[in-house]
Amino acid sequence: MPEGHTLHRLARLHQRRFGRAPVMVSSPQGRFTDGAAAVNGHVLKKASAWGKHLFHHYDGGRVVHVHLGLYGTFTELPLPLPLPVGQVRMRMLGAEYGTDLRGPTVCEVIDEPEIADIVARLGPDPLRRDADGALAWNRIRKSRRPIGALLMDQSVIAGVGNVYRSELLYRHLIDPYRPGTHIDESEFFAMWTDLVELMKVGVRRGKIIAIRPEDDHGLPSYGPGRPRTYVYRRAGDPCRVCGTETRTAELEGRNLFWCPTCQK
């Protein structure tokens, strides 16, 4: 599932490509026909993101709300676009570019005030200027759930996925099974500050880069074109720092990765 930096990159890209001009919106697949008709031909005032949620704000107060989920993707091409291929939920055409949305969990039209209802269910987004880490800390320090689960809970922090969760805990040498009640305030805010910077790098570079330069060597990444990681998807490989075999386990339905020696 795309993590928060991906949605913020999309918001910036769509703002550049389509912002402040009329956009032609359609639903070749047919599952978003009414929603597309509600905004078709309207001016896209801005695009914004909160965590893993993307919002296209149109004149007249209508907003297209998108959550990519596990399989959603945007494909962008210069005009003229070819005929739609596959299940294109939404197609947007601007002056010079077009983009096709496939496979999202959510693609709906809402009214501007309804954004507040969505955001109310989310924790602070580290990539937003108004993000308040104290809100996340207040939830974590009262919870006995493992910190590895709390970091993935979108109502605690919005935008963190499995890669940021695994790498952040390793960078701060914290056992992912430690309860939130056993996390010190200084530990949390050190993680929060680090997370903000890591996610900013993700927005700039278009990829998650969490490994420190001095550790960026040894075995290759878990996938072609991916940066090296400390523990994410490295189960069975030696820790890049201590050499201990990296472990994996399922935690609340998601695969967890950690080094049992470094993260005591």
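Everything numeric in this text was worked out from a predicted model, so none of it was measured. The residue numbers shown here count from 1 along each chain, following its written sequence. Local features in this predicted model are restricted to residues whose pLDDT is 70 or higher, and side-chain atom pairs enter the listing and the counts only when it is 80 or higher, whereas totals over whole chains, interfaces and linings include all residues. Side-chain numbers here rest on the full set of heavy atoms in the structure, without hydrogens or water.

Glancing now at the packing of helix α6 (residues 162-171) against helix α7 (residues 185-205). Interaxial angles span 0 to 180 degrees and are taken between N-to-C directions of axes, which are lines fitted to C-alpha atoms, for helices over the stretch in contact. Secondary structure elements are taken from DSSP: a helix is a run of H or I of four residues or more, a strand is a run of E of two residues or more, and numbering for both begins at the N terminus. Following both chains from N to C, one finds α6 and α7 inclined at 130°, their axes separated by 11 Å at the closest point. Our classification of the angle between α6 and α7 gives oblique. Seen from above, α6 lies across α7 with right-handed handedness. Between α6 and α7, the contacting residues are Tyr-164, Leu-168, Leu-169 and Arg-171 on the first element and Met-191, Asp-194, Leu-195, Leu-198, Met-199 and Gly-202 on the second. Under the grouping applied here, Gly and all other residues not named as nonpolar or charged are polar, the nonpolar ones being Ala, Val, Leu, Ile, Met, Phe, Trp, Tyr, Cys and Pro and the charged ones Asp, Glu, Lys and Arg. For the contact of α6 with α7, the per-class residue count stands at 7 nonpolar, 1 polar and 2 charged. Angles below 35 degrees are treated as roughly parallel, those above 145 as roughly antiparallel, those between 65 and 115 as roughly perpendicular, and all remaining angles as oblique. Crossing handedness is read from the near helix: turned anticlockwise from the far helix by less than a right angle, it gives a left-handed crossing, and turned clockwise, a right-handed one. The contact rule is simple, with two residues in contact once any of their heavy atoms fall within 4.5 Å.

This paragraph deals with the packing of aromatic side chains. Any two rings among Phe, Tyr and Trp, with Trp reduced to its six-membered ring, count as a pair given centres within 6.5 Å; such a pair is stacked if its planes are under 30 degrees apart, edge-to-face if over 60, and tilted if neither. Evaluation of the coordinates by the stated rule reveals 8 aromatic pairs. Aromatic side chains Tyr-170 and Tyr-230 sit 4.6 Å apart centroid to centroid with 20° between the ring planes, which places their arrangement in the stacked category. Pair noted here: Tyr-170 is in helix α6 and Tyr-230 is in the loop between α7 and β9 (247-251), with a separation of 60 residues, a long-range link. The pair formed by Tyr-170 and Tyr-230 is uniform in burial state, with each residue classed as buried. An aromatic cluster is present here, built from Trp-137, Phe-188, Phe-189 and Trp-192 joined pairwise through their rings. The ring of Tyr-97 carries the charged tip of Arg-17 above its face, separated from the ring centre by 3.7 Å. For the exposure calls, accessible area comes from a 1.4 Å probe over protein chains only, and a residue counts as buried if that area is under 20% of its type's maximum, exposed if over 50%, partly exposed in between. For a Lys NZ or an Arg CZ to count as sitting over a ring, it must be within 6 Å of the ring centre and within 35 degrees of the ring normal.

It is worth spelling out the environment of Val-64 at this point. Of note, Val-64 is situated in strand β4 (residues 62-67). Residue class for Val-64 comes out buried when judged on its relative accessible area of 0%. Sequence-wise, Val-64 and Gln-154 are 90 residues apart; in three dimensions their C-alpha atoms are separated by 20 Å. The residues touching Val-64, leaving out its near neighbours within four places in the chain, are Phe-32, Val-39, Leu-54, Phe-55, His-56, Tyr-58, Met-90, Glu-108 and Val-109.

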